[in-house]
Amino acid sequence: MRSGQHRRHHRRYGGQRQIVLLSPVLVTLLITGLAASTPREIAFSRLLPAAPALAAAMWPVLPTVLLGAFCLLVMVGVSFFHSDLGTPYTAAAIAAVTLAAAYASHLRLRREEMLFQVRLVADAAQTVLLRPLPRRIQDVDIESLYLAAQEQARIGGDFYEAADTPYGVRLLIGDVRGKGLSAVGAAAAVTNCFRENAYDQPDLTGLIRRLQITMTRYSVAIPADDQPEHFATALIAEIPHGGGHVKILNCGHPPPVFVRDGRIQVLEPAQASTPLNLAALLGDHYHVDTVAFAPGDQMLVYTDGVTETRDRTGEFFPLPDWMRRHGSAPPRELLDQLHTDLLRYGGGRLDDDIAALAVRSRHTWMQEL
């Protein structure tokens, strides 16, 4: 059903795009028809320069010039019937607007090409920063979701990673406070540090201290004016091979949500742990919570863009209530539904980037298969 709706939407939007691309021709024909069918005093033909001007916004250079030439011919033809329309002035206006439109079209195409190249680089950077996660590690299913607040954006300060280590499956999710390239750089630095140290640090406290050092070093290396923005909330989790429980170290991050037999648990940390790059200000304090994670249980970790999505009345997205209705869905379906419902709840737009991981412990019979 969803694929059929997608095809219908695609056809509808494709038809709308064709109409938009043909609008300069439609405008030309409309003006020509009005000029031929109305009294000369109205002089609709003087509107013909608008057609090439409109074409410059969506057509290449040559079609824009050809449309301007056609408008010029139309004006000459109209002058045979109405010789007192000021044809030389209108013709000069059409020629001038056509030349300007052709130049504007050329500049637009150059900007579009530059934007395309920038997006290719951004896509490559996102692939490095948020590389596709394996859908299964040992006896754990993992699915990911990333949504940029702005459609033009490709990468931001939200990050996540997963690693199959000797100590179990380790997960990372976090959110750099701040915007722009500095936030992206901080996210990349923390993610790369996790990828390197997740396999060597025997406990989560040692791992988070490595992330803390990396974040501090990165902050020192950036311009002083940006340093106050460079701290990050982060959550790391460890699911030992064989499952049974999960260890959570939450450094100022939104609490994970667990689903067990239809029951919802929001795991607030028993003690606060220091966000990354704030150890010098708040102290080097870390606490690990351990919670049951039996086969069939599911965990959702996410950035605050999820819970801070607002509806038209200003109400925040009710994630625990939403999980009660959808928490039994498989990880991929859960995140797809979350994506759809967040956009619907926010009125089709997002105010912040969103990242989420859905993690499910596999049943014993799945492990045997």
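Residues numbered from 1 in each chain as written. Predicted model: local features only at pLDDT ≥ 70, side-chain atom pairs only at ≥ 80, totals over all residues. Heavy atoms only, no water.

Please clarify how the nonpolar core should be interpreted in this entry.
Where a protein is soluble and globular, its nonpolar side chains tend to be buried together. Within the largest apolar cluster, 50 residues are counted, with the highest numbers of intra-cluster contacts made by Ile 142, Leu 211, Ile 236, Met 299 and Val 359. Ranked by residue count, the leading element in this core is helix H5 (residues 181-197), at seven residues. Not counting residues up to four positions away in its chain, the partners in contact with Val 359 are Val 140, Asp 141, Ile 142, Leu 171, Ile 239, Phe 293, Asp 297, Gln 298 and Met 299. Grouped together as the second largest cluster of nonpolar side chains are 20 residues, Leu 334, Leu 338, Ile 354 and Ala 356 included. (Core = buried A, V, L, I, M, F, W, Y, C linked by side-chain atoms within 4.5 Å. Buried < 20%, exposed > 50% of the residue type's maximum accessible area, 1.4 Å probe, protein only. Helix = DSSP H or I, 4+ residues; strand = E, 2+ residues; numbered from the N terminus. Contact = heavy atoms within 4.5 Å.)

When you look at the packing of aromatic side chains in this model, what are you seeing that I'm missing?
Note on aromatic pairs: each is described by the distance of the centres and the angle between the planes. On inspection of all chains with the given rule, the structure shows three aromatic pairs. Here Phe 258 and Phe 293 contribute two aromatic rings whose centre-to-centre distance is 6.1 Å and whose plane-to-plane angle is 75°, an arrangement assigned as edge-to-face. With Phe 258 in strand S7 (residues 257-260) and Phe 293 in strand S9 (residues 288-293), this pair connects stretches of sequence that are 35 residues apart. Pair check on accessibility: Phe 258 and Phe 293 agree, each one buried. (Phe/Tyr/Trp six-rings, centres within 6.5 Å; stacked < 30°, edge-to-face > 60°.)

Looking at this model, I keep getting lost on the pairing of strand S11 (residues 354-361). Mind explaining?
Consecutive residues of a regular strand have side chains that alternate between opposite faces of the sheet. Here S11 lies mainly inside the structure; eight of its eight residues are buried. Burial along S11 is two-sided: the residues Ile 354, Ala 356, Ala 358 and Arg 360 and Ala 355, Leu 357, Val 359 and Ser 361 are all buried. Of the strand pairs in this sheet, strand S2 (residues 140-147) and S11 are connected by eight bridges, and their pairing is antiparallel. Note that in S11 the partner of Ile 142 across the bridge is Val 359. Inspection of the sheet shows strand S10 (residues 298-302) paired to S11 by five bridges, in the antiparallel sense. Looking at the pairing, Leu 300 lines up with Ala 358 of S11. (Pairing = 2+ DSSP bridges.)

In this structure, what is going on with a nonpolar patch on the surface? I would like to understand it.
Residues Leu 72, Val 76, Phe 80 and Phe 81 make up a contiguous nonpolar surface patch of roughly 460 Å² in combined accessible area. Mapped onto the secondary structure, Val 76 falls in helix H3 (residues 61-81). A relative accessible area of 35% means that Val 76 is categorised as partly exposed. (Patch = residues over 30% accessible without salt bridge, like charges linked within 9 Å, V, L, I, M, F, W, Y side chains within 5 Å. Areas by Shrake-Rupley, 256 points an atom, 1.4 Å probe, with all protein chains shown as cover. Salt bridge = Lys/Arg side-chain N within 4 Å of Asp/Glu carboxyl O.)

Before we go on, may I ask you to explain unusual backbone geometry in this structure?
For residues besides glycine, phi is generally negative; the peptide bonds are generally trans as well. A positive phi angle, near 55°, is found at Gln 138, a position not held by glycine. With respect to the helices and strands, the residue Gln 138 is situated in the loop between strand S1 (136-137) and S2. You can call Gln 138 partly exposed: its relative accessible area is 48%. A positive phi angle is found at Asn 277, which is not glycine, with a value near 75°. What makes Asn 277 buried here is its relative accessible area of 17%.

Help me understand the sheet that holds S9, please; the structure alone is not making it clear to me.
Sheet strands line up and pair through hydrogen bonds in the backbone, either parallel or antiparallel. The sheet built from five strands is open, its strands ordered S3-S4-S5-S6-S9 with antiparallel pairing. Whereas interior strands pair on both sides, the edge strands pair on one side only; in this sheet they are strand S3 (158-165) and S9. Taken over all neighbouring pairs, the strand axes of this sheet differ in orientation by 20° on average, direction set aside. Bridge count between strand S4 (residues 168-177) and strand S5 (residues 231-239): nine bridges; the pairing is antiparallel. What sits directly across from Leu 171, in S5, is Ala 237. (Axes fitted to C-alpha atoms, helices over the stretch in contact; angles between N-to-C directions.)

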